[in-house]
Amino acid sequence: MARRLSYSARYPQPAEKLYQAQMERQYWEDMMAGFQMLSPHCEGAEFTSDPSVGMRVTLKQTLGRDQLPPIAQTVMMKDMIITREESFGVFHPEDVTAGEYNASIPAGPGSLTGVQELFATDSGCTIRKTTEVKVYVPFVNHKLEQLMLVNLVDLFRAEAEYAKDWIDKNL
């Protein structure tokens, strides 16, 4: 059985600024450079953006098996290579701008998929992410799903802080 998570990140900047940042390759390259402090093998594999269709980015990160929690090491016999894809459609200033994200791990024990919505608020904007994780390993699936969700909340928080800071410095 899959587990779900809803997470909202609030930003003081307007939705147009957050969308503009995510439409720039430099935003993603800078973010991956920051990830290299945690994992030296990070790369932005693909990036496309066009205001008439939106944006799509593919990021790859390698976590050494020794960096994984003990329970994850029981199912991952090698380093974990995470391929993450994220997208937003065309920006809608008066409505919700929708997107998707997913993460995959070759020979990994599960899946992670989600939808995201960017919308304006009275004090800036919000990105709401709704995630579903599913692990296909009997007996440890619930523990691994919960571990993934906890780590995902930490990632979403860090990325929200990064976005706020990047926009303040660059836009």
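This is a predicted model, so every value here is computed, not measured.

### Looking at the pattern of salt bridges
Phase 1: Overall, the coordinates contain 10 salt bridges when judged by the stated rule.
Phase 2: Arg3 is the partner of Glu145 in a salt bridge, and the nearest nitrogen-oxygen pair spans 3.4 Å. Here Glu145, found in helix H4 (residues 141-170), pairs with Arg3, found in strand E1 (residues 3-11); they are 142 residues apart in sequence, far enough to count as distant.
Phase 3: The closest approach of N and O atoms between Glu85 and Arg56, which form a salt bridge, is 3.7 Å. A residue pair is termed long-range when its members are at least 10 positions apart, and Glu85 in strand E4 (residues 80-88) and Arg56 in strand E3 (residues 54-63) qualify at 29 residues.
Phase 4: Given a relative accessible area of 40%, Arg56 falls into the partly exposed group.

### Things to note about the confidence of the model for the protein
Phase 1: Overall, the prediction assigns the protein a mean pLDDT of 89, with 95% of residues at 70 or greater.
Phase 2: Within the protein, the element-level pLDDT minimum falls on helix H3 (residues 70-73), averaging 76, and the maximum on helix H1 (residues 15-22), averaging 97.

### Description of the pairing of strand E7 (residues 124-135)
Phase 1: Inspection of the sheet shows E1 paired to E7 by nine bridges, in the antiparallel sense. Paired with Leu5 across the bridge in E7 is Thr131.
Phase 2: Judged from the 12 bridges that link them, strand E6 (residues 110-121) and E7 form a sheet pairing that is antiparallel. If you follow Leu112 over to E7, its bridge partner there is Val133.
Phase 3: Counted between consecutive antiparallel strands, the loop separating E6 from E7 contains two residues.

### A word on the pairing of E4
Phase 1: In terms of burial, E4 is a largely internal element, seven of the nine residues being buried.
Phase 2: Pairing of E3 with E4, which is carried by nine bridges, proceeds in the antiparallel orientation. Looking across to E4, one finds that Val57 is bridged to Glu86.
Phase 3: Where E4 and strand E5 (residues 97-104) come together, six bridges link them in antiparallel fashion.

### Observations regarding the nonpolar core
Phase 1: Counting 35 residues, the largest nonpolar core has Tyr11, Leu18, Tyr27, Trp28 and Leu118 as its most contacted members.
Phase 2: Residue assignment for this core shows that the elements contributing at least two residues are E1, H1, helix H2 (25-35), E3, E6, E7 and H4.
Phase 3: With nine residues, the top contributor of residues to this core is H4.
Phase 4: With residues up to four places along the chain from it excluded, the contact list for Tyr11 reads Leu18, Ser123, Gly124, Cys125, Ile127, Ala160, Ala163 and Lys164.
Phase 5: Counting nine residues, the second largest nonpolar core, distinct from the first, contains Leu63, Leu68, Ala72 and Val135.

Reading the values: rules and limits
Residues numbered from 1 in each chain as written. Predicted model: local features only at pLDDT ≥ 70, side-chain atom pairs only at ≥ 80, totals over all residues. Heavy atoms only, no water. Salt bridge = Lys/Arg side-chain N within 4 Å of Asp/Glu carboxyl O. Helix = DSSP H or I, 4+ residues; strand = E, 2+ residues; numbered from the N terminus. Buried < 20%, exposed > 50% of the residue type's maximum accessible area, 1.4 Å probe, protein only. pLDDT = per-residue confidence, 0-100. Pairing = 2+ DSSP bridges. Core = buried A, V, L, I, M, F, W, Y, C linked by side-chain atoms within 4.5 Å. Contact = heavy atoms within 4.5 Å.

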